[in-house]
Protein chains: 2
Amino acid sequence: MPRPTPEPTPDLSALLRPRSIAVIGASSQAEKVGGMPIRLLRELGYGGRVYPVNTASAEIQGLPATPSLGALGEPVDLAIVAVPALASADVMAQLAANGTRAAVFFTSGFAEVGEDGSRMQQALAQQARHHGITLLGPNCLGAMNLRERMFATFSPIPLSGLPPLGDVGLVSQSGAFGAYAFALAREAGLGLSHWVTTGNEAGLQVADVIEWLAQDDDTRVILTYMEGCRDGERLRRALAAARAAGKPVVVAKVGVTEAGARSAQSHTASLAGEDAVYQAVFDEYGVHRADSLEAFFRLGYVLSRGRRPSRWHSASGLAADSVAPVAIVTVSGGVGIMMADRAEQLGLPMPPMPAAPAQALRGAIPFASTANPIDVTGQIVAQPRVLLDALRDVAECGEYGSVVAFLAAGANAPALWPELQRTVAALHERADSAPLLLCGLVADDRRAWLEQHGCLVFREPAHAMEAVAALARAAAQGFAATAEPVTQPLPQLPRIAADANALSEHEAMQLLAEAGVPVAPHGLARDADEAVRIAERLGYPVAVKLCSREILHKSDVGGVVLNLHDADAVRAAFARVGDAAGRHAARHGGVPVPFEGVVVARMVRGWGELMVGVRRDPVFGLVALAGIGGTAVEVFRQMAFGLAPLSMPRALAMLRESRAEALFAGHRGNPAVPLEQVAQVLVRVSQAAAAIGPRLDTLEINPFIVTAAGPVAADAVITLRP
Amino acid sequence: MPRPTPEPTPDLSALLRPRSIAVIGASSQAEKVGGMPIRLLRELGYGGRVYPVNTASAEIQGLPATPSLGALGEPVDLAIVAVPALASADVMAQLAANGTRAAVFFTSGFAEVGEDGSRMQQALAQQARHHGITLLGPNCLGAMNLRERMFATFSPIPLSGLPPLGDVGLVSQSGAFGAYAFALAREAGLGLSHWVTTGNEAGLQVADVIEWLAQDDDTRVILTYMEGCRDGERLRRALAAARAAGKPVVVAKVGVTEAGARSAQSHTASLAGEDAVYQAVFDEYGVHRADSLEAFFRLGYVLSRGRRPSRWHSASGLAADSVAPVAIVTVSGGVGIMMADRAEQLGLPMPPMPAAPAQALRGAIPFASTANPIDVTGQIVAQPRVLLDALRDVAECGEYGSVVAFLAAGANAPALWPELQRTVAALHERADSAPLLLCGLVADDRRAWLEQHGCLVFREPAHAMEAVAALARAAAQGFAATAEPVTQPLPQLPRIAADANALSEHEAMQLLAEAGVPVAPHGLARDADEAVRIAERLGYPVAVKLCSREILHKSDVGGVVLNLHDADAVRAAFARVGDAAGRHAARHGGVPVPFEGVVVARMVRGWGELMVGVRRDPVFGLVALAGIGGTAVEVFRQMAFGLAPLSMPRALAMLRESRAEALFAGHRGNPAVPLEQVAQVLVRVSQAAAAIGPRLDTLEINPFIVTAAGPVAADAVITLRP
């Protein structure tokens with residue numbers, strides 16, 4: 001639920017579709033930073049006007065030069081700036097005077113070099129905002145629009161060849177990465193629309209470029225590289241825009257591991273937040289994450305060229321909103337198993353072949369396997385028609401979202417190819433047939449023909465399955481984007497004192513209870529008699545716990561006594577807890593702690609513990625986490641994250657990802673608990689945190705005891721910000 | 001510890017280096033199963049003699065044919081058999097009469113089609129064994145020796161081109177996989193020595209081919225595809241032979257997931273065991289596992305062409321036996337982070353740059369990062385010497401096992417290339433320098449030059465890091481193979497009654513204690529008085545448990561009473577447990593259970609539970625498993641496996657892989673326990689199981705309570721086979 005933000009959606013049209021470009025600091029030497037863009041724009045066929053600005057020369061690389069922007073007499077759309085950092089403020093003033101709409105600052109020597117640079121960069125950003133100039137950089141490698149042959153970069157890499165024109169937009173924080181990615185896209189034949197590097201991000205951030213590409217008609221898929229993000233709200237808005245536009249986003253986000261994150265923090269000026277939180281954001285918006293460059297481009301290719309799974313009916317008992325099921329048809333049992341392994345890892349359902357086509361297949365090849373993978377066996381060398389009938393049958397039966405066929409070298413066989421063409425063309429014409437993907441050796445011209453007819457081709461079985469999964473994810477995202485968003489009202493919560501750093505346990509438990517979170521029956525006792533009265537009312541056994549806003553880790557100071565079975569034990573515990581508060585005060589220079597009394601709580605018995613919390617991420621704001629509590633926290637470190645307040649689907653996914661769902665599955669004689677009920681509790685916890693609003697720092701329920709009635713909060717800590 | 005096996009090491013020389021080949025069922029039609037090998041042998045330049053055998057024609061494809069092998073008058077090394085299954089027994093008799101040394105049976109219609117086929121296959125195998133004929137197949141695609149241009153296959157795939165000659169041997173159970181792999185190896189330019197498909201494996205198994213390739217001078221790396229293995233002992237012997245020969249084995253073992261394993265079981269006649277057990281075997285022998293075809297070939301390339309890490313000294317405090325540390329040198333901070341992420345995932349240490357070269361680098365480029373990754377920045381376009389000095393310094397400083405450099409398109413830059421050549425050549429001549437791997441865009445001829453000088457080249461940063469890890473693993477395996485094997489004598493154990501199906505808890509605990517496994521203090525009581533005496537001796541609280549060989553799941557029948565604090569409670573518990581035994585007998589038709597009494601055991605308090613066991617795998621024999629017990633068993637399913645008896649390194653690895661090590665790390669105020677001590681207990685458990693010998697079916701300790709003194713067995717179940 002992004003809050004309204006003061007920053008308007010940035011307009012990149014002057015940057016990426018300029019009709020005129022001035023190069024400030026233009027050089028006659030084409031290999032220089034101020035020379036390369038002129039060479040690229042002239043040699044590679046940019047159609048707009050190019051104005052070299054140079055105080056010393058009247059001509060630069062065959063173009064008439066102007067001594068200053070002021071002398072030009074007309075406003076330009078885009079200025080490419082290649083002058084030292086110290087001259088940047090002066091240049092910005094010239095741009096403002098000229099009425100320039102956008103600027104690319106190649107110049108380094110800003111935030112990446114220290115304090116002074118940071119100040120200059122802030123001033124630059126401030127000037128740009130003030131004058132309404134769209135600013136890219138500084139310390140960046142620039143931008144390109146491949147369709148308009150617009151090269152606002154000093155990288156020589158376009159000189160050695162351009163990738164094909166296409167509908168994949170690429171945006172990279174890092175220039176070096178961007179240049180390498182450009183070269184690899186060219187090698188892979190991946191069609192690009194735009195290429196943007198954001199460098200120090202004084203003005204435009206990666207998120208802004210994503211948001212603009214989301215509404216750009218030339219772009220269907222967005223590839224992005226990021227080390228971190230300083231403005232989570234902007235990234236979320238951008239990802240939401242891409243999702244709403246039905247444009248998949250593929251991200252290479254580095255800093256996954258601790259070592260990587262350390263490097264990311266030391267590299268450039270970016271603030272790398274915790275990777276798991278980024279992953280939660282990516283999951284929320286259906287972003288595809290690549291863990292290698294190869295996968296980055298392959299996903300771009302798949303999502304730009306592949307057909308998404310068709311709607312299927314679920315004769316096999318699959319939920320209608322499950323991931324699209326896949327049929328694997330193979331001429332090799334072994335490769336079929338490899339593909340099935342990968343499909344299972346990717347969570348792709350593989351229902352068996354429907355009865356009628358299965359019968360037809362077995363009639364033709366008795367030893368064929370009609371489970372899924374569907375093994376048509378090497379027999380199809382002799383009976384190619386059987387394979388093609390099987391492909392058509394499974395693609396048209398309506399029970400699969402996609403069909404993958406492993407043909408080995410079959411598509412190159414003269415006997416098979418014309419028939420395969422006819423089958424693929426016929427399926428391509430039927431909008432309701434499931435998309436077909438092929439895996440095997442296919443000659444380049446045949447591969448091109450197949451792609452034109454909606455059929456992607458892979459050599460690697462694992463890649464074919466990953467393509468199916470990526471397209472299924474994109475399709476699911478499409479379905480979700482068209483659904484009505486669920487708006488759950490936040491609970492009304494009591495006012496919190498302005499000077500409080502934390503709530504006491506009693507306040508925290510009351511707040512959770514009002515938000516609809518099940519809490520252990522409890523009461524606040526100011527004296528021993530009241531403690532006993534509460535215990536008798538709740539029923540034994542009970543716990544007695546020190547209640548103070550100042551002592552949050554009360555068991556560390558001896559402020560918790562568990563398993564009390566009678567009134568005497570409660571009285572003794574009250575005395576012990578009071579002593580603990582006194583000792584704590586003595587250790588802290590005699591400053592008395594605000595001892596509000598004790599919480600007397602009924603002991604809750606269960607068979608496991610959840611750990612559920614909400615904390616404030618410096619980039620993305622409130623983030624909920626959930627996982628198995630107790631020893632498992634240190635052992636398995638398997639917490640799942642989600643943006644707070646949580647949606648029900650996200651809360652369910654968190655229970656799955658953290659494996660906490662196993663606690664509710666009815667193992668070891670414990671009753672099963674419906675997962676929806678547990679997810680609803682997570683949603684309510686996240687709502688309670690969100691209702692506290694900007695004051696909330698952390699909320700943690702630990703232990704959250706797993707009982708037959710669902711999880712019950714046995715203790716809660718809520719800390720606040722001023 | 002493989003037992004001596006009756007099967008001798010198979011000799012494949014007649015199969016793979018035959019001087020003469022007869023084709024039984026030879027056909028004039030080159031595309032037929034009996035025609036293709038003749039065409040391949042003639043067209044592709046086989047140097048030995050080829051004898052077509054055909055009852056009807058005097059000439060086949062230009063070669064004089066003989067009507068029968070008997071008419072030939074000389075023994076042949078190899079017979080290629082392409083006749084129907086029903087004629088196979090007759091053919092085998094002819095081969096025996098001729099003195100043929102090896103035979104490839106292409107023929108299908110054996111075990112893969114059912115009972116009758118299985119019987120024929122058994123007879124075929126029996127004949128081959130009896131006559132000392134090396135048998136490949138039936139139902140296989142044959143074999144090739146690329147160096148001798150020997151093509152005993154009916155796959156037409158060699159006609160469209162051969163891969164380069166090389167030192168990678170490929171053996172595949174599946175023919176279709178083998179053919180596809182051959183084509184992909186050709187495309188990837190991977191140099192092959194031999195290619196073998198084993199089909200139904202009536203004679204030779206994948207393991208036999210591995211074992212032969214391990215001693216073949218033309219083969220340095222072995223790639224193998226398997227769906228399963230029927231003879232674990234043979235596979236272990238083969239993998240041990242490859243390890244002893246210093247030849248890495250790369251395996252594509254399918255059936256990783258449940259869906260995949262189901263498919264593998266339904267496909268062909270192979271018995272697919274549990275994947276985790278295979279993984280334990282692979283780990284034991286340092287086998288490299290590939291999860292995609294692309295990785296399969298890439299690992300083959302890396303291990304065949306790459307230099308293994310040099311020995312390094314460990315100034316950075318790394319243990320001398322740790323994985324070889326890597327230096328990452330990069331011109332792009334972003335790609336450096338990607339590589340660091342992958343290095344951490346692969347467990348590669350990345351110590352920082354030593355002081356002297358770090359100072360030199362910062363002197364030349366003040367903003368360079370001398371942590372690891374070492375970011376030389378884009379500055380090296382202007383100062384290439386700085387990069388090359390840094391590469392040389394880290395490769396020669398002796399603190400790294402390998403160096404990876406990401407150069408983007410740098411190696412293609414005219415300014416850098418000649419200098420890079422000089423640096424690479426100089427490093428190549430120094431045997432003690434760390435191997436250098438490059439990542440980036442490199443023109444094909446330069447890439448070839450670099451490879452010849454010991455420097456592998458990758459486009460994909462992740463692949464470069466995976467190469468480093470694979471080579472480090474191969475090197476570590478080499479170090480381990482040269483170490484003396486640890487021979488731990490098995491404990492002497494009491495005799496076990498011949499008719500027992502299980503041990504009672506008391507017997508099991510005694511047996512573990514004698515093997516040196518810590519067990520809860522306990523005693524066996526036949527009456528209530530004795531139970532009390534034992535309890536008083538052990539100290540309260542105690543547990544009282546029904547002790548019977550017939551009732552292993554005693555808590556299910558009410559035969560366990562825990563937490564007894566005094567003599568009265570012990571007496572009451574004794575009575576309850578006796579009643580439970582009686583009720584159990586009544587439910588089972590009144591047959592009295594052998595009630596041996598009760599085990600009185602001191603309650604052991606700890607902060608967690610291990611689950612440790614040993615069971616008999618149908619393929620690999622005794623397999624030990626370990627992991628976190630209690631609820632975590634169902635939740636995380638994170639058991640680790642090892643072949644029993646365990647070695648100490650394997651036991652330590654199991655604690656790491658299962659994450660059980662976290663229980664001993666001293667979290668939450670619990671004391672830390674040395675992992676070696678825990679591993680030693682696992683070793684002893686596995687030795688106890690091994691000492692029971694072939695009678696052992698399963699041994700399970702659950703709970704194995706985690707205490708400050710290490711794990712203590714609180715209960716144990718041992719079941720036996722006749």
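Computed from a prediction, not measured in an experiment: that's the story for all the values here.

## Concerning the overall build of chain A
Phase 1: Scanning chain A for helices and strands turns up 22 helices and 29 strands.
Phase 2: C-alpha extents for chain A along the principal axes are approximately 95 × 80 × 40 Å.
Phase 3: Taken across its 722 residues, chain A has 56% of its residues classed as buried.
Phase 4: Pairs at least 24 apart in sequence give 71% of the contacts found in chain A among residues at least 6 apart.

## Here's the deal with the packing of helix α18 (residues 528-538) of chain A against helix α19 (residues 567-587) of chain A
Residues and elements named next belong to chain A.
Phase 1: The interhelical angle for the contact between α18 and α19, taken along N-to-C directions, is 135 degrees, at an axis separation of 9 Å. What the angle tells us is that α18 and α19 run oblique. Seen from above, α18 lies across α19 with right-handed handedness. Across the interface between the two elements, Ala528, Ala531, Val532 and Ala535 from α18 touch Ala567, Val570, Arg571 and Phe574 from α19.
Phase 2: Taken together, the residues that form the contact of α18 with α19 break down as 7 nonpolar, no polar and 1 charged.

## With respect to helix α21 (residues 648-657) of chain A
Phase 1: Among all positions of α21(A), only A:Arg650, A:Ala651, A:Met654, A:Leu655 and A:Glu657 are buried.
Phase 2: Looking one or two residues past α21(A), A:Arg659 carries a phi angle of roughly 65 degrees, positive in sign.

## Description of the sheet that holds strand β14 (residues 288-289) of chain B
Residue and element names in this part refer to chain B.
Phase 1: Across the sheet, which stays open at both edges, the 7 strands sit in the order β9-β8-β11-β10-β12-β13-β14 with mixed pairing between neighbours. Edge positions in the sheet fall to β9 (150-153) and β14, since each has one partner strand and no second.
Phase 2: Where strand β8 (residues 142-145) meets β9, 4 bridges bridge the pair, whose relative direction is antiparallel. Looking at the pairing, Ala143 lines up with Ala152 of β9.
Phase 3: Contacts between helix α5 (residues 175-188) and the sheet are confined to β10 (165-172), β11 (192-197) and β12 (221-226), with β11 contributing the most and set at about 160 degrees to the helix.

## A word on the nonpolar core
Phase 1: Ranked by internal contacts, the top residues of the largest apolar core, which has 500 residues, are A:Ile210, A:Val544, A:Leu682, B:Ile210, B:Val544 and B:Leu682.
Phase 2: Beyond its immediate sequence surroundings of up to four residues, B:Val544 is in contact with B:Ala531, B:Val561, B:Leu564, B:Val570, B:Ala573, B:Phe574, B:Val577, B:Val598 and B:Val600.

## Topic: the pairing of strand β25 (residues 621-628) of chain A
Taken residue by residue, a regular strand's side chains alternate between the two faces of the sheet.
Residues and elements named next belong to chain A.
Phase 1: Where burial is concerned, most of β25 is hidden: 7 out of the 8 residues are buried.
Phase 2: Two strands pair when backbone bridges link them, and strand β24 (residues 609-617) and β25 are joined in this way by 8 bridges, in the antiparallel orientation. Residue pairing for β25: Val612 is matched across the bridge by Ala626.
Phase 3: In terms of strand pairing, β25 meets strand β26 (residues 640-643) through 4 bridges, oriented antiparallel. When the sheet's bridge partners are listed, Leu625 is paired in β26 with Phe641.

## Overview of the sheet that holds strand β6 (residues 102-105) of chain A
All names here are of chain A.
Phase 1: In spatial order, the strands read β2-β1-β5-β6-β7; together these 5 strands make up an open sheet with parallel pairing. Only two strands of the sheet have a single neighbouring strand rather than two, namely β2 (49-53) and β7 (134-136). On average, adjacent strands in this sheet sit at an angle of 15 degrees to one another, irrespective of strand direction.
Phase 2: Note: strand β1 (residues 20-24) against strand β5 (residues 78-81), 4 bridges, orientation parallel. Looking at the pairing, Val23 lines up with Ile80 of β5.

## Structural notes on the pairing of strand β2 (residues 49-53) of chain B
Phase 1: Within β2(B), 4 of the 5 residues are buried, which leaves it mostly tucked inside the rest of the structure.
Phase 2: Between the parallel elements strand β1 (residues 20-24) of chain B and β2(B), the chain passes through helix α2 (residues 36-43) of chain B in a crossover that is right-handed.

## Here's the deal with the environment of B:Ala689
Residue and element names in this part refer to chain B.
Phase 1: With respect to the secondary-structure elements, Ala689 resides in helix α22 (residues 675-692).
Phase 2: Judged by local crowding, Ala689 falls into the buried class, with 28 C-beta atoms found within 10 Å.
Phase 3: Along the primary structure Ala689 and Pro645 are separated by 44 residues, whereas in three dimensions their C-alpha atoms are 7.7 Å apart.
Phase 4: When residues no more than four places from it in sequence are discounted, the contact partners of Ala689 are Val614, Leu622, Ala644, Leu696 and Leu699.

## Examining helix α14 (residues 417-429) of chain A
An α-helical turn contains 3.6 residues, so any two residues separated by three or four positions project in the same direction.
All names here are of chain A.
Phase 1: A rise of 1.5 Å per residue sets the reference length of α14, with its 13 residues, at 18 Å; its end C-alpha atoms lie 18 Å apart and thus fit the reference within 8%.
Phase 2: The set of residues buried in α14 consists of Leu420, Thr423, Val424 and Leu427. Angular distribution of buried residues about the axis of α14 spans 95 degrees; they occupy a single face of the element. Seen from the buried face of α14, the exposed residues on the opposite side, beyond 90 degrees, are Pro418, Arg422 and Glu429.

## Section: the packing of helix α6 (residues 206-214) of chain B against helix α7 (residues 232-244) of chain B
Residues and elements named next belong to chain B.
Phase 1: Following both chains from N to C, one finds α6 and α7 inclined at 20 degrees, their axes separated by 8 Å at the closest point. When the axis of α6 is compared with that of α7, the two are roughly parallel. Seen from above, α6 lies across α7 with left-handed handedness. Residues Ala207, Asp208, Ile210, Glu211 and Ala214 of α6 pack against Arg234, Leu235, Arg237, Ala238, Leu239, Ala241 and Ala242 of α7.
Phase 2: Among the residues forming the contact of α6 with α7, the class breakdown is 8 nonpolar, no polar and 4 charged.

## Here's the deal with the confidence of the model for chain A
Residues and elements named next belong to chain A.
Phase 1: Here chain A averages 89 in pLDDT, and 91% of its residues register 70 or above.
Phase 2: Overall, residues 1-5 carries pLDDT values under 50, and its contacts beyond four positions in sequence, including any with other chains, amount to 7 contacts.
Phase 3: Confidence drops under a pLDDT of 50 for residues 267-273, and excluding neighbours within four residues, the segment shows 30 contacts in the predicted structure.
Phase 4: ipTM for the predicted complex: 0.86, alongside a pTM of 0.88.

## Quick notes on the environment of B:Ala531
Phase 1: In this structure, B:Ala531 sits in helix α18 (residues 528-538).
Phase 2: Ignoring anything within four residues of it in the chain, the contact list for B:Ala531 reads B:Ala525, B:Val544, B:Val570, B:Phe574, B:Val598 and B:Val600.

## Overview of the environment of B:Ala93
Phase 1: With respect to the helices, strands and loops of the structure, B:Ala93 is situated in helix α3 (residues 88-98).
Phase 2: A C-alpha to C-alpha distance of 9.0 Å links B:Ala93 and B:His131, two positions 38 residues apart in sequence.

## Some words on unusual backbone geometry
Phase 1: Note that the residue after A:Asn372, namely A:Pro373, is joined by a cis bond; omega there is 10 degrees.
Phase 2: Residue position: A:Pro373 is located in the loop between α12 (355-364) and β16 (374-375).
Phase 3: Here the residue pair A:Asn702 and A:Pro703 is connected by a cis peptide bond, since its omega of 5 degrees sits within 30 degrees of zero.
Phase 4: Within the secondary structure, A:Pro703 is located in strand β27 (residues 696-707).
Phase 5: At A:Asn563, a residue that is not glycine, the phi angle is positive and equals roughly 60 degrees.
Phase 6: For B:Glu201, which is not a glycine, the phi torsion comes out positive at approximately 60 degrees.

Reading guide: rules and limits
- Residues numbered from 1 in each chain as written.
- Chains lettered and ligands numbered in written order.
- Predicted model: local features only at pLDDT ≥ 70, side-chain atom pairs only at ≥ 80, totals over all residues.
- Helix = DSSP H or I, 4+ residues; strand = E, 2+ residues; numbered from the N terminus.
- Buried ≥ 20, exposed ≤ 12 C-beta atoms within 10 Å, placed from the backbone.
- Contact = placed C-beta atoms within 7 Å.
- Axes fitted to C-alpha atoms, helices over the stretch in contact; angles between N-to-C directions.
- Parallel < 35°, antiparallel > 145°, perpendicular 65-115°, else oblique.
- Left-handed = near helix turned anticlockwise from the far one by under 90°.
- Nonpolar A, V, L, I, M, F, W, Y, C, P; charged D, E, K, R; others polar.
- Pairing = 2+ DSSP bridges.
- Core = buried A, V, L, I, M, F, W, Y, C linked by C-beta atoms within 7 Å.
- Right-handed = clockwise from strand over helix to strand, strands pointing away.
- Expected span 1.5 Å × (residues − 1).
- Arc of directions from axis to C-beta.
- pLDDT = per-residue confidence, 0-100.

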